[in-house]
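Descriptive analysis of the structure
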Amino acid sequence: MSKPPTLFVRRASGLIREVGPWTALATTMSWTIGGGVNWLMIKVSYDFPGANIPLAFLMVGIGAIVTAVAYTYLLASMPRTGGDYVFISRGLNPLLAFILTWGYWLATAIATGTIAFWDVWYWGLSFQIAGVALGDKALIAIGNALSTDPFQMLVLGTILTLGMGLVAFFGIKAYTKLIWIFFAIPVVGSIVMFAALINGNLTSAKALFDATFGTGTWDKILQIAYDTGFNDELYGVFTWEATAGALLSPMFAFVGCWSMASYIGGEIKEPKKTAIWGGVMAVLIITLYMVGASYLVYGAYGKFISAYTYAFFKAKDKLAQVMPYTGRPMLPFFVAGLMPGQPILQILVSLIAALWLLNDIPAFYLVSTRLPFSWSFDRFFPEVLADVNKYGSPTWSILLAIILAQISVIGWFWGEAFGYYGLALFIADLDSLSTLLWWLPSVFASLAATIFPFYRRDVYKRSPLKQEIGGIPVMSIAGLAAFFMQMFLYMSLLGSGQKMTLMFELVLFYAIGAAIFIFYLVYNVKKGIDIKTLFGEIPPM
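**A closer look at the overall build of the protein**
A tally of regular secondary structure across the protein gives 25 helices and 2 strands. Taking 2.2 N^0.38 as the reference for a compact globule, 541 residues should give roughly 24 Å; the C-alpha atoms of the protein span a radius of gyration of 24 Å, in line with that estimate. With the C-alpha coordinates aligned to their principal axes, the bounding extent of the protein is approximately 85 × 55 × 45 Å. Classification of the 541 residues of the protein by burial places 60% in the buried group. In the form shown here, the protein has an accessible surface area of approximately 20,200 Å², with 70% of it arising from carbon and sulfur atoms. For the protein, the distance from the average position of its 32 positive side-chain charges to the average position of its 27 negative side-chain charges is 11 Å.

**Re the nonpolar core**
Counting 198 residues, the largest nonpolar core has Met41, Val297 and Tyr301 as its most contacted members. In terms of residues, this core owes the most to one element, helix H5 (residues 94–134), which gives 22 residues. Setting aside its immediate chain neighbours within four residues, Tyr301 contacts Phe209, Trp218, Phe334, Gly337 and Leu338.

**Focus: helix H19 (residues 360–377)**
Its 18 residues give H19 an end-to-end C-alpha distance of 26 Å, which sits within 8% of 26 Å, the value for a rise of 1.5 Å per residue. For H19, the tally of buried residues reaches 18 of 18 residues, placing the bulk of the element in the interior. Following H19 by one or two positions, Arg379 has its phi on the positive side, about 70°.

**Structural notes on the packing of helix H1 (residues 21–32) against H19**
Direction vectors running N to C along H1 and H19 enclose 105°, while the axes themselves pass 8 Å from each other. What the angle tells us is that H1 and H19 run roughly perpendicular. Packed against H1, whose contacting residues are Thr27, Ser30, Trp31 and Thr32, the element H19 presents Asp360, Ala363, Phe364, Leu366 and Val367 at the interface.

**Considering the packing of aromatic side chains**
This structure, assessed with the given rule, holds 66 aromatic pairs. When the ring of Phe519 is compared with that of Tyr520, the centres are 5.1 Å apart and the planes differ by 90°; the resulting orientation is edge-to-face.

**Observations concerning the packing of helix H4 (residues 84–91) against helix H21 (residues 423–455)**
Close contact between H4 and H21 brings their axes to 9 Å; oriented N to C, the two are set at 50°. The orientation of H4 with respect to H21, classified from their angle, is oblique. Considering the relative orientation of H4 and H21, their crossing is left-handed. Contact with H4, carried on its side by Asp84, Phe87, Ile88, Arg90 and Gly91, involves Pro441, Ser442, Phe444, Ala445, Ala448, Ile451, Phe452 and Tyr455 of H21 and no other residues of that element. The residue inventory of the contact of H4 with H21, partitioned by class, reads 9 nonpolar, 2 polar and 2 charged.

**Brief notes about helix H8 (residues 172–202)**
With 31 residues, H8 ought to run about 45 Å at 1.5 Å a step, and its terminal C-alpha atoms sit 44 Å apart, in line with that. Phe183 marks the point of greatest bend in H8, at about 25°, and the proline Pro186 comes within the next four residues.

**Looking at the environment of Ser126**
Counting through the fold element by element, Ser126 comes out in helix H5. Classification of Ser126 by relative accessible area gives buried; the value is 4%. Taking the C-alpha atoms as reference, Ser126 lies 5.7 Å from Leu351; in sequence the two are 225 residues apart. Apart from residues no more than four positions distant in its own chain, Ser126 is found in contact with Ser350, Leu351 and Ala354.

**A short note on unusual backbone geometry**
Even without being glycine, Glu270 reaches a positive phi, approximately 50°. In this structure, Arg379 is a non-glycine residue whose phi angle is positive, near 70°. For Arg379, the position within the fold is in the loop between H19 and helix H20 (395–418). Relative accessible area serves as the criterion here: at 6%, Arg379 is assigned to the buried category.

**Some words on the environment of Gly63**
By the secondary structure assignment, Gly63 is in helix H3 (residues 53–77). Separated by 331 residues in sequence, Gly63 and Pro394 have C-alpha atoms that sit 33 Å apart. Excluding anything up to four places from it in sequence, Gly63 contacts Met485 and Gln486.

**Focus: a nonpolar patch on the surface**
Taken together, Val384, Trp396, Leu399, Ile403, Ile407, Ile410, Leu423 and Phe426 make up a surface patch of nonpolar side chains, about 650 Å² in accessible area. Elements with a minimum of two residues in the nonpolar patch: H20 and H21. In terms of residue count, H20 provides more of the nonpolar patch than any other element does, 5 residues in total. Locating Leu399 in the fold gives a position in helix H20.

**Some points on the pattern of salt bridges**
This model, assessed by the stated rule, comprises 9 salt bridges. A salt bridge links Lys43 to Asp47; the shortest N-O distance between them is 2.9 Å. Taken as a pair, Lys43 and Asp47 lie in helix H2 (residues 35–47) at a separation of 4 residues, close to a single helical turn. Residue Asp47 is classed as partly exposed on the basis of its relative accessible area, which comes to 35%. Of the charged contacts in the structure, one is a salt bridge between Glu383 and Arg379, with a shortest N-O distance of 3.1 Å. For Glu383, a relative accessible area of 29% gives the class partly exposed.

Scoring rules and cut-offs
- Residue numbers restart at each chain and count upward from 1, following the sequence in its written direction.
- The predicted nature of this model means local features are confined to residues of pLDDT at least 70 and side-chain atom pairs, given and counted, to a pLDDT of 80 or more, with totals for whole chains, interfaces and linings taken over all residues.
- Side-chain descriptors were evaluated using all non-hydrogen atoms of the structure, hydrogens and water having been removed beforehand.
- Helical segments are the DSSP runs of H or I of at least four residues, strand segments are the runs of E of at least two, and each set is numbered from the N terminus.
- Radius of gyration here uses only the C-alpha atoms, and the compact-globule reference equals 2.2 Å multiplied by the residue count raised to the power 0.38.
- Exposure classes here rest on a 1.4 Å probe applied to the protein chains alone. A residue is buried below 20% of its type maximum, exposed above 50%, and partly exposed in between.
- Note on areas: these come from Shrake-Rupley sampling with a 1.4 Å probe, and a residue is covered only by the protein chains present in the view.
- In this tally, Lys and Arg are treated as positive and Asp and Glu as negative; His is ignored, and so are the chain termini.
- The location of each charge is read from NZ of Lys, CZ of Arg, CG of Asp or CD of Glu.
- In these notes, a set of buried Ala, Val, Leu, Ile, Met, Phe, Trp, Tyr and Cys residues joined through side-chain atoms within 4.5 Å is what counts as a nonpolar core.
- Pairs of residues are marked as contacts when any of their non-hydrogen atoms sit within 4.5 Å.
- The span expected for a helix works out to 1.5 Å for each residue beyond the first.
- Axes here refer to lines fitted to C-alpha atoms; in helices the fit is confined to the stretch in contact. Angles between the N-to-C directions go from 0 to 180 degrees.
- Orientation is classified from the angle alone, with under 35 degrees giving roughly parallel, over 145 giving roughly antiparallel, 65 to 115 giving roughly perpendicular, and any other angle giving oblique.
- Two rings from Phe, Tyr or Trp (for Trp, the six-membered ring) form a pair when their centres are within 6.5 Å of each other. A pair whose planes differ by under 30 degrees is stacked, one over 60 is edge-to-face, and the rest are tilted.
- In this scheme the handedness of a crossing depends on how the near helix is turned from the far one: anticlockwise by less than a right angle means left-handed, clockwise means right-handed.
- Amino acids are sorted into nonpolar (Ala, Val, Leu, Ile, Met, Phe, Trp, Tyr, Cys and Pro), charged (Asp, Glu, Lys and Arg) and polar (every other residue, Gly among them).
- Bend at a given residue is defined as the angle between two axes, one fitted to the seven residues that end at that position and one fitted to the seven that begin there.
- Residues with no salt bridge and a relative accessible area higher than 30% make up the patches, which join like charges within 9 Å and nonpolar side chains (Val, Leu, Ile, Met, Phe, Trp, Tyr) within 5 Å.
- By definition here, a salt bridge exists when the distance from a side-chain nitrogen of Lys or Arg to a carboxyl oxygen of Asp or Glu is within 4 Å.

So this is what it looks like as structure tokens:
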């Protein structure tokens, strides 16, 4: 008689535990700080007149911290690669886990290419700010080209996608070194940014802005905004309705920060300390960063941010007549406007958005490669995707992630150059759904954390983190609070006026995920795999 097959693809994952607390912290921050805080935090003032943006970021930030506490306990209990997939499949239901993380994976794999393509746009802003700081029109011209030429965005986006993807083949140690290289500069730049924002609150932002871009520029921009319909009563009066709508921006900015470290859980060392620093401590720092930046920039500029953004979208041609370049309304642009006569510091600040977004790419690759690995290790995706090379990297999962990221880059190029239809429309739609796809797994992982100390008491007892309050596990308390907050925010996202076609696509994505899981369920049962026992076990290290 032949021996029954092993539960998992092999008896050891083959992954190497190289990620310590500080690297987990840097990786989580790299995943999170990017377009949400540097672009959407400013643009949202145009989208939702009357919103209190710092308050919106604070509300989501509190939810993120609570959720991070629950995930910290989950990761300490099950330090395995796969994040939400492992937590939900072992804590609730494997079908639900696969469906939810299938959507998470699709969104992340495509977003990797999206970030690579649009990061070139951010580099354009850096060149524009550097050109104004140094009085160099050639740099401004380069910045304008990078911000508007789809072909250049295609070429440079492809270089970023392929370059950072190839490094992933050489192991988690090499990859985290790449993250640290691109992490250090924006950290320094962010320190300078906060110093400039504090100074802008203590002195006159108007005087500093005019000194940077020319005497009277501030008033001219305000006049352009008023002439094209900007309304003080609409944009200057706080409303709860507008603030609730503005939650979409911080939700995009924060999403996934609480779970990033868990997706490389099988590659972390010192699980207790790394779970804390890659989880709750990282999210606490991120919350302070985002809430602090929003409070200081809106405190310094007030309604001018909304007026400039309004003029940018409604009268860009007129704005170009009073500005040396029609700088996109992004955080580094407004920070640079508070630093006249300091070209080196202005250039450093201008690099913040581009480098923070650039560092998203390796963090996103870690997620888009580890999820297929974890599914295939459980025998619920092509098993070849669980193969690892001599560096401990999942070779075929990395190749798949690179291909999908490059398809995304090509799709965005096609949309910008020729119009959004076919592949370009699919990529754009998936981008529109990304926050929904990223958010929902955390609702159910929070629920898993709530019952985990009771439902999987055997695993919980071995965890290095199992504090209790009045006999009730802190993990359960945090999980229940996180479930409430995550569900509330998810429902607010659903109620924000999503298009019916997008909702159909969302359901279709999940249905495809369900079909894949059921196919492998039938296939594995026929092979003699004990499915109940498989999902009752924690994957081997």
